[in-house]
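Analysis of the macromolecular model
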Amino acid sequence: MAPSRDSLAGAKRIVIKVGTRVATREDNNAFSSGVMGSLVRQVAALMAPPEARSFLIVSSGAIALGLSRLGISTRPKELDKLQAAAAVGQSRLMHAYEHEFEAVKTETAQILLTSEDIRSRARYLNIRNTIFSLWSHGAVPIVNENDTVSFDEIRFGDNDIISAHIANMLDADLLVILTDTDGVYDRNPRLHPGAKILRTVEKVTPAVLSGTEGKGSAFSSGGMESKVRAADIATRSGVNVVIARGDGLDLSGILEGREIGTWFVPTPRRMKGRKKWMAFNPRTEGAIVVDRGAERALVRQGRSLLPAGVKAIRGSFAMGSVVSILDEAGTEVARGLTNFSSEDLEKIRGLNTKKIPEVLGEEAYFPEVVHRDNLVITVKDST
């Protein structure tokens, strides 16, 4: 049976990602009150009974607004200048959202994130609980990367990826990524006038990604490729994704299943709880290379990882860390919580489970390196 957009009608938890060129005007980088005012009014209408939907907005635009206020006409490459612009622009961006939502009598809340907030299980859960509490009070959280304090090691890189992680975190039903094109094309429409829009994408393939060449605008950090990669992350967790034009958006039309933008079909099986957090964590602490037998046992048979199947350890990590599990070619096939530190695992790799107490002592004994309950398969073609 061909996939259908009819399922979008039941979406109750909705994440909207607003791109820089949607939130700000191209001529002067000022807040695009016409476009954003329309979006806000649509959101407010869908939050009211009988619809009673919950919304969260991940918004770009802070750096562009800040650069405009500072009189800088081109996006700089220096991190300190970008952070200064973010510091100036973030308050302007939030004020603009507050102004638009006040007109429809709706409260907003600001949430600034770095990738550390997703990597830490405790912070991840705390943010999730905070958002649910805000929703219970009828507020719309406005999320952005905390560019003012972020540096390379803790940056997501762009808000497209943040929106995917947030959608996964919240078990969202729908992620709508707004941009300045009608959707995803088979080729870059700015470079190829004959490019055709893709209305449905059942799986993100190299062929789909090949049509996303080219960066975004001069004031944005992402482009269509980052949006498609964000869609891939979200759909693999069971979230519907629509990439559509922000100017002239018909949000109700999307929810009614109309052919607006590009719809990315979600996997039919939703990941839950800790396994989802592990699968889409921005960074792992290290890696374990396994042999073909162990790979088959994990991916095809749903078993735990035992020491006998471990060929090599990469990096230094503590017991309880999230680690990548790699096949012999170095491709990630799974992620999990390790029962052993890298130091101890190096001592027992390749051994029969019964030998562990002889090497590490009875008090350090776990029969599995990664138990199947603490393991998630990440290789795409495993089903």
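A short tour of the structure in this document, coming up. (Residues numbered from 1 in each chain as written. Predicted model: local features only at pLDDT ≥ 70, side-chain atom pairs only at ≥ 80, totals over all residues. Heavy atoms only, no water.)

This part takes up the overall build of the protein chain. Tallying secondary structure elements over the protein chain gives 14 helices and 15 strands in all. The C-alpha radius of gyration computed for the protein chain amounts to 22 Å, which stays within 12% of the reference 21 Å derived for 383 residues, consistent with globular compactness. Judged by the C-alpha coordinates and their principal axes, the protein chain covers about 70 × 50 × 45 Å. Out of the 383 residues belonging to the protein chain, those deemed buried represent 53%. (Helix = DSSP H or I, 4+ residues; strand = E, 2+ residues; numbered from the N terminus. Rg over C-alpha atoms; globule rule 2.2 N^0.38 Å. Buried < 20%, exposed > 50% of the residue type's maximum accessible area, 1.4 Å probe, protein only.)

The next point concerns the sheet that holds strand β14 (residues 332-337). In spatial order, the strands read β12-β11-β13-β14-β15; together these 5 strands make up an open sheet with mixed pairing. Either end of the sheet is taken by a strand with one partner, and the two such strands are β12 (310-314) and β15 (375-377). Neighbour-to-neighbour, the strand axes of the sheet open up by a mean angle of 25 degrees, direction not taken into account. Of the pairings in the sheet, the one linking β14 to β15 comprises 3 bridges and is antiparallel in character. (Pairing = 2+ DSSP bridges. Axes fitted to C-alpha atoms, helices over the stretch in contact; angles between N-to-C directions.)

As for its position among the elements, Glu332 is in strand β14. Spatially, the C-alpha atoms of Glu332 and Lys196 are 33 Å apart, while their sequence positions differ by 136 residues. Not counting chain neighbours up to four residues away, the residues in contact with Glu332 comprise Ser324, Ile325, Leu326, Thr378 and Val379. Polar side-chain contacts of Glu332 include one of 3.1 Å to the side chain of Thr378. (Contact = heavy atoms within 4.5 Å. Polar contact = N/O pair within 3.5 Å; in protein donor to acceptor, adjacent residues only side chain to side chain.)

Next up on the list: the packing of aromatic side chains. Taken as a whole, this structure holds 3 aromatic pairs when the rule is applied. Both rings, one in Phe132 and one in Trp135, keep their centres 5.6 Å apart while their planes meet at 65 degrees; by these two values the pair is edge-to-face. One end of the pair, Phe132, and the other, Trp135, are both in helix α6 (residues 121-136), 3 residues apart, so they sit about a helical turn from each other. Taking relative accessible area as the criterion, Phe132 reaches 22% and is therefore assigned partly exposed. Between Phe340 and Phe366, the aromatic rings sit 6.1 Å apart at their centres with planes inclined by 90 degrees, giving edge-to-face as the arrangement. Placement of Phe340 in the loop between β14 and α13 (342-348) and of Phe366 in the loop between α14 (356-360) and β15 is noted, with a sequence separation of 26 residues between them. (Phe/Tyr/Trp six-rings, centres within 6.5 Å; stacked < 30°, edge-to-face > 60°.)

Moving on, we come to the pairing of strand β1 (residues 13-18). With 5 of its 6 residues buried, β1 lies for the most part within the structure. Where β1 and strand β2 (residues 54-59) come together, 6 bridges link them in parallel fashion. Considered in β2, the bridge of Val18 is made with Ser59. Note that β1 and strand β5 (residues 174-179) share 5 bridges and pair parallel. When the sheet's bridge partners are listed, Ile14 is paired in β5 with Leu174.

Let us look at the environment of Leu67. Here Leu67 lies in helix α3 (residues 62-69). In the structure, Leu67 is positioned 59 residues away from Asn126 in sequence and 32 Å away in space, judged by C-alpha atoms.

In this section: the packing of α3 against helix α4 (residues 79-102). Direction vectors running N to C along α3 and α4 enclose 100 degrees, while the axes themselves pass 6 Å from each other. Taken as axis vectors, α3 and α4 run roughly perpendicular relative to one another. Residues Ala62, Ile63, Leu65, Gly66, Leu67 and Arg69 of α3 form the contact with α4, whose own contacting residues are Leu82, Ala85, Ala86, Val88, Gly89, Gln90, Arg92 and Leu93. (Parallel < 35°, antiparallel > 145°, perpendicular 65-115°, else oblique.)

A complete count under the given rule lists 19 salt bridges for this structure. In this structure, Arg245 engages Asp182 in a salt bridge whose closest nitrogen and oxygen atoms are separated by 2.7 Å. You can see Arg245 sitting in strand β9 (residues 240-245) and its partner Asp182 sitting in the loop between β5 and β6 (184-185), a full 63 residues away along the chain. The partly exposed category is assigned to Asp182, whose relative accessible area is 33%. (Salt bridge = Lys/Arg side-chain N within 4 Å of Asp/Glu carboxyl O.)

Counted at 1.5 Å a residue, the expected span for α4 with its 24 residues is 34 Å, and the 34 Å between its end C-alpha atoms agrees. For α4, the set of buried residues is Leu82, Gln83, Ala85, Ala86, Gly89, Gln90, Leu93, Met94, Ala96, Tyr97, Glu100 and Phe101. If you follow the buried residues of α4, they end up packed against β1, α2 (33-47), β2, α3, β3 (108-113) and β4 (140-145). (Expected span 1.5 Å × (residues − 1).)

It is worth spelling out α2 at this point. For α2, which comprises 15 residues, the first-to-last C-alpha distance of 20 Å matches the rise-based estimate of 21 Å (1.5 Å per residue) to within 8%. Those residues of α2 lying buried are Val35, Met36, Gly37, Leu39, Val40, Gln42, Val43, Ala44, Leu46 and Met47.

In this section: the nonpolar core. In terms of nonpolar packing, the biggest core is built from 43 residues, with Val15, Leu56, Ile166, Leu170, Leu175, Val241 and Phe264 touching the most fellow members. The set of elements that each furnish at least two residues to this core consists of β2, β3, α6, α7 (159-169), β5, α9 (224-236), β9 and α11 (273-279). Non-local contacts of Leu175, meaning those with residues more than four positions away in its chain, are made with Val15, Ser163, Ala164, Ala167, Ala234, Val239, Asn240, Val241 and Val242. Counting 37 residues, the second-largest nonpolar core is a separate cluster that includes Leu39, Val43, Leu93 and Tyr97. (Core = buried A, V, L, I, M, F, W, Y, C linked by side-chain atoms within 4.5 Å.)

This part covers the packing of α2 against α4. Closest axis-to-axis distance for the α2/α4 pair is 9 Å, and the angle between their directions is 50 degrees. As far as their axial angle goes, α4 and α2 are oblique. As for the relative orientation of α2 and α4, their crossing is right-handed in sense. Between α2 and α4, the residues in contact are Ser33, Met36, Gly37, Val40 and Val43 and Tyr97, Glu100 and Phe101, respectively. Looking at the contact of α2 with α4 residue by residue, the class counts come to 5 nonpolar, 2 polar and 1 charged. (Left-handed = near helix turned anticlockwise from the far one by under 90°. Nonpolar A, V, L, I, M, F, W, Y, C, P; charged D, E, K, R; others polar.)

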